[in-house]
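# Overview (structure and organization)
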Amino acid sequence: MKSLKRVKRIGVVSAAALALAAGLPTNAEAAIGKFNYTNLSGSQSIDSPVNNYCYVLSGGASTVTNNTDTFAHVYSGAGCTGSPYYVQPGQTYNGYVYTVKFW
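Now for a description of the structure that goes with this document.

Thresholds, definitions, all that
Residues numbered from 1 in each chain as written. Predicted model: local features only at pLDDT ≥ 70, side-chain atom pairs only at ≥ 80, totals over all residues. Heavy atoms only, no water. Pairing = 2+ DSSP bridges. Helix = DSSP H or I, 4+ residues; strand = E, 2+ residues; numbered from the N terminus. Axes fitted to C-alpha atoms, helices over the stretch in contact; angles between N-to-C directions. Core = buried A, V, L, I, M, F, W, Y, C linked by side-chain atoms within 4.5 Å. Buried < 20%, exposed > 50% of the residue type's maximum accessible area, 1.4 Å probe, protein only. Contact = heavy atoms within 4.5 Å. Disulfide = S-S within 2.5 Å.

With that settled, the discussion passes to the sheet that holds strand S2 (residues 42-47). Pairing in this open sheet of six strands is antiparallel, and the strands run S2-S1-S3-S6-S4-S5 from one edge to the other. If you trace the sheet from one side to the other, it starts and ends with S2 and strand S5 (85-87), each paired once. Sheet twist, expressed as the average angle between the axes of neighbouring strands with direction ignored, equals 50°.

Structure representation (structure tokens):
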């Protein structure tokens, strides 16, 4: 009976460790570089943004520069809604936007 309890305990611990590891983001899921934007407060940046996450650009932004290694989708709507403008790596976009998501 003791060996059966031990096997169950090992199984539970292993499953918990696997679930924890699977839930943590890896470097492959983040863009490398900085996303820079300008708003009324001045220049701001997001360092190594996580892909598929909607970032709110506090106060909006009038100019954005994508210095990451992936596309930035900028939106004029809250919650990354509406039609995005695609900002390629190394590209600058001049237009008022509120949110950004990286792919």
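Additional details are given in the paragraphs that follow.
It is worth spelling out the nonpolar core at this point. Grouped together as the largest cluster of nonpolar side chains are 13 residues, with contacts concentrated most on Phe-35, Tyr-37, Ile-46, Leu-57, Val-64, Val-74 and Val-100. Among the elements of the structure, strand S1 (33-39), strand S3 (54-68), strand S4 (72-75) and strand S6 (92-102) are those that each provide at least two residues to this core. Broken down by element, this core gets its largest block of residues, four residues, from S3. Apart from residues no more than four positions distant in its own chain, Leu-57 is found in contact with Phe-35, Tyr-37, Ile-46, Val-64, Val-97, Tyr-98, Thr-99 and Val-100.

What follows is about the state of the cysteines. Summed over the entire model, instances satisfying the criterion amount to one disulfide. Linked covalently through their sulfurs, Cys-54 and Cys-80 form a disulfide whose S-S length is 2.1 Å. Note on the Cys-54 and Cys-80 pair: the S-S dihedral is about 100°, so by sign convention the disulfide is right-handed. Pair noted here: Cys-54 is in strand S3 and Cys-80 is in the loop between S4 and S5, with a separation of 26 residues, a long-range link.

Turning our attention to unusual backbone geometry. Notably, Ser-48 is not glycine yet its phi reads approximately 40°, a positive angle. Despite not being glycine, Cys-80 has its phi angle at roughly 55°, a positive value.

Let us look at the pairing of S6. Two elements, S3 and S6, share seven bridges in a ladder whose sense is antiparallel. In the sheet register, Thr-65 faces S6, and the bridge partner there is Thr-92. With four bridges connecting them, S4 and S6 associate as antiparallel partners. Opposite Val-74, over in S6, you have Val-100 as the bridge partner.

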